[in-house]
Amino acid sequence: MKENSFVIVAFLKSPDEGMVFDASQWPLHITVIPPFFVDALYDQATFLKDIEQSTSKTESISFTIGEKTLFGKNNDVPVFTLQKNAGLERLHNLLLKTLHQRYRVSFTEPQFVGENYRPHITIVQQGLYAIDHREAVIKMISIVDRLPSGDSTKRKVIKNIEF
């Protein structure tokens, strides 16, 4: 049975729906919902509609970039943390609730959801992109397929949801 794996992010620069990129070349983004699997018996159109409806009352979310630090199992992934943000935490929890109520989901790293959610921007290692501002606004989230056509080396933006 085919599994479906997604992540919900807020890109710092809005992507086009359908954009495909290498898994090792993520554009700068904030992970809103970490990678998860959805039961293979789901309907993608309904899934996308449910996510969109759950965020229908969400307004843009301002955030401030915090300190540079290291994440990952080996503390070797450079990131910028985000300062505590009630709006981003609300969005994360709202999406979690929708996923758990409507679907059988499992997270690749469940220790980083809910109360342990730590919003951050991963610094792409190829050329370490500079962040030219310390404050920004999230006006859209994107649902990204982590296995487009079964290819784990690619990622595909399947839906953008604007606030």
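So, a few notes on the structure that sits alongside this text.

Procedures and definitions
- Residues numbered from 1 in each chain as written.
- Predicted model: local features only at pLDDT ≥ 70, side-chain atom pairs only at ≥ 80, totals over all residues.
- Heavy atoms only, no water.
- Helix = DSSP H or I, 4+ residues; strand = E, 2+ residues; numbered from the N terminus.
- Buried < 20%, exposed > 50% of the residue type's maximum accessible area, 1.4 Å probe, protein only.
- Contact = heavy atoms within 4.5 Å.
- Areas by Shrake-Rupley, 256 points an atom, 1.4 Å probe, with all protein chains shown as cover.
- Lys, Arg positive; Asp, Glu negative; His and termini not counted.
- Charge placed at Lys NZ, Arg CZ, Asp CG, Glu CD.
- Salt bridge = Lys/Arg side-chain N within 4 Å of Asp/Glu carboxyl O.
- Pairing = 2+ DSSP bridges.

Looking at the overall build of the chain
Link 1 in the chain: When helices and strands are tallied, the chain shows two helices and ten strands.
Link 2 in the chain: In sequence order, the secondary structure elements of the chain are arranged as β-β-β-α-β-β-α-β-β-β-β-β.
Link 3 in the chain: With the principal axes as the frame, the chain shows a C-alpha extent of 40 × 35 × 30 Å.
Link 4 in the chain: Evaluated residue by residue, the chain yields a buried proportion of 47% over its 163 residues.
Link 5 in the chain: Considering only contacts in the chain between residues 6 or more positions apart, those separated by 24 or more positions represent 71%.
Link 6 in the chain: Total accessible area on the chain stands at roughly 9300 Å², and carbon and sulfur atoms take up 47% of it.
Link 7 in the chain: The chain carries 19 positive and 19 negative side-chain charges, and their two centres are separated by 2 Å.

Examining the pattern of salt bridges
Link 1 in the chain: The final tally for this structure, using the stated rule, is five salt bridges.
Link 2 in the chain: The residue R102 makes a salt bridge to D50 at a minimum N-O spacing of 3.1 Å. With a gap of 52 residues between them, R102 in helix α2 (residues 86-102) and D50 in helix α1 (residues 44-54) connect regions that are remote in the sequence.
Link 3 in the chain: D50 sits in the buried class, given a relative accessible area of 9%.
Link 4 in the chain: Note that E52 is salt-bridged to K159, the shortest N-O span being 3.5 Å. You can see E52 sitting in helix α1 and its partner K159 sitting in strand β10 (residues 154-162), a full 107 residues away along the chain.
Link 5 in the chain: The partly exposed category is assigned to E52, whose relative accessible area is 35%.

Considering the pairing of strand β9 (residues 140-145)
Two faces, one strand: in a regular strand the side chains alternate between the faces of the sheet.
Link 1 in the chain: Within β9, six of the six residues are buried, leaving the element largely enclosed by the surrounding structure.
Link 2 in the chain: Two strands pair when backbone bridges link them, and β9 and β10 are joined in this way by six bridges, in the antiparallel orientation. The residue bridging I141 from the neighbouring strand is I161, located in β10.

Examining the side chain of T98
Link 1 in the chain: Within the secondary structure layout, T98 lies in helix α2.
Link 2 in the chain: A relative accessible area of 10% places T98 in the buried class.
Link 3 in the chain: Those residues in contact with T98 that lie beyond four places of it in its chain are D50, I51, S54 and Y103.

By themselves, these figures tell us nothing about what the structure is for.
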